[in-house]
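# Report on the structure
Read off the chains here:
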Amino acid sequence: MTCRVCTWWKAYTFDNCLRRLLYKPEKAFTPYVKPGMTVADLGCGMGFNSIGLAKTVGDEGQVIAVDLQPQMLTVLKKRAKRAGVAQRIQTRQCEPDSIGVSETIDFALAFWVVHEVPDTRAFLQQVHSCLADDGRFLVAEPSFHVSPATFETMLNIAADVGLKLGDQPRIRGSRTGVFVKDR
């Protein structure tokens, strides 16, 4: 399967102030993210969710913001500094076949990302391997781009690699799933 990654400059079309009309990360993720947690924003883009997550984890928490494109990370750093949360966000450039996270994380987010990865199974296995035993992994895929059948296939692959579907929160414009490790 060939996957196309959204170019960094195209991200401005959806990663802007109007996005807050659809959802607010601080509110959407608080059922799963608490102060002091270590979280990973996989495919963080320009930082819309990373900044919201950094506000939620507080001074004692950490956000690992990972993206394939260095331009995304550059914009994220500037936005995080303006938002006053730069010290809570560690940026990492990943590779197409590696999420670039090896430490244990309490919460992982893949927002509008999984449909862009070249190997869904490998991606989900990597998330599983770094997720804490009681951690959560939220996937949101764009409903206008990812069909119900394609999303169902991703859910089945997640189950195959040991991720159990626990919740499907409503996030406007997205198909969602929150996973836990299946013990």
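Preceding this section is the structure that the text describes.
Residues numbered from 1 in each chain as written. Predicted model: local features only at pLDDT ≥ 70, side-chain atom pairs only at ≥ 80, totals over all residues. Heavy atoms only, no water.

Strand order in this open sheet of seven strands is E3-E2-E1-E4-E5-E7-E6, and the pairing throughout is mixed. Strands at the two margins of the open sheet, each flanked by one partner only, are strand E3 (89-93) and strand E6 (163-167). Strand after strand, the sheet turns through a mean of 25 degrees between neighbouring axes, direction not considered. Two elements, strand E1 (residues 38-42) and strand E2 (residues 62-67), share five bridges in a ladder whose sense is parallel. Looking across to E2, one finds that Thr-38 is bridged to Gln-62. Sitting on the sheet, helix H3 (residues 70-83) is in contact with E2 and E3, with an inclination near 170 degrees to E3. (Pairing = 2+ DSSP bridges. Helix = DSSP H or I, 4+ residues; strand = E, 2+ residues; numbered from the N terminus. Axes fitted to C-alpha atoms, helices over the stretch in contact; angles between N-to-C directions. Contact = heavy atoms within 4.5 Å.)

Moving on to unusual backbone geometry. For residues other than glycine, phi is negative in most cases, and the peptide bonds are mostly trans. Although it is not a glycine, Trp-112 sits at a positive phi angle of roughly 55 degrees. Along the chain, Trp-112 turns up in the loop between strand E4 (105-111) and helix H4 (120-130).

It is worth spelling out the pairing of E3 at this point. Judged from the five bridges that link them, E2 and E3 form a sheet pairing that is parallel. Across the sheet, Ala-65 pairs through a bridge with Thr-91, a residue of E3. On the question of chirality, the crossover connecting E2 to the parallel E3 by way of H3 is right-handed. (Right-handed = clockwise from strand over helix to strand, strands pointing away.)

With respect to the helices, strands and loops of the structure, Leu-68 is situated in the loop between E2 and H3. By relative accessible area, which is 28% here, Leu-68 ends up partly exposed. Sequence separation between Leu-68 and Asp-97 is 29 residues, and the spatial gap between their C-alpha atoms is 9.9 Å. (Buried < 20%, exposed > 50% of the residue type's maximum accessible area, 1.4 Å probe, protein only.)

This brings us to the side chain of Ser-174. Position of Ser-174 relative to the elements: it lies in strand E7 (residues 174-181). Look at Ser-174 and you get buried, because its relative accessible area is 15%. Looking at Ser-174, its side chain comes within polar contact range of the side chain of Trp-112, at 2.9 Å. Those residues in contact with Ser-174, other than ones at most four positions away along the chain, are Phe-111, Trp-112, Ala-140, Glu-141 and Ser-143. (Polar contact = N/O pair within 3.5 Å; in protein donor to acceptor, adjacent residues only side chain to side chain.)

Let's shift gears to the nonpolar core. If you look at the biggest cluster of nonpolar residues, it comprises 29 residues, and the most contacted ones within it are Leu-42, Val-101, Ile-105, Phe-123, Leu-124, Phe-137 and Leu-163. With five residues, helix H5 (residues 148-160) is the largest single contributor of residues to this core. Contact partners of Leu-163, with chain neighbours within four places excluded, come to Leu-124, His-128, Leu-131, Phe-137, Ala-158, Phe-179 and Val-180. Formed by 26 residues, the second largest nonpolar core is a distinct cluster that contains Leu-53, Ala-80, Leu-109 and Val-178. (Core = buried A, V, L, I, M, F, W, Y, C linked by side-chain atoms within 4.5 Å.)

Time to look at the state of the cysteines. What the rule picks out here adds up to zero disulfides. In this structure Cys-44 is a free cysteine whose sulfur lies 8.3 Å from that of Cys-94, the closest cysteine sulfur available. Residue classification places Cys-44 among the buried residues on the basis of a relative accessible area of 6%. (Disulfide = S-S within 2.5 Å.)

Our focus in this paragraph is H3. One turn of the α-helix equals 3.6 residues, which is why residues spaced by three or four share an orientation. The terminal C-alpha atoms of H3, which comprises 14 residues, lie 20 Å apart, in line with the 20 Å expected from a rise of 1.5 Å per residue. Among the residues of H3, Met-72, Leu-73, Val-75, Leu-76, Arg-79 and Ala-80 are the ones counted as buried. Around the axis of H3, the buried residues are gathered within 160 degrees of arc, so they sit on the same side. Projecting away from the buried face of H3 at angles above 90 degrees are the exposed residues Lys-78, Lys-81 and Arg-82. Residues of H3 that are buried sit in contact with helix H2 (48-57), E2 and E3. (Expected span 1.5 Å × (residues − 1). Arc of directions from axis to C-beta.)

What follows concerns the pattern of salt bridges. For the coordinates displayed, the defined rule picks out five salt bridges. Between Asp-59 and Arg-88 there is a salt bridge whose closest N-O contact spans 2.6 Å. You can see Asp-59 sitting in the loop between H2 and E2 and its partner Arg-88 sitting in the loop between H3 and E3, a full 29 residues away along the chain. Look at Arg-88 and you get buried, because its relative accessible area is 13%. (Salt bridge = Lys/Arg side-chain N within 4 Å of Asp/Glu carboxyl O.)

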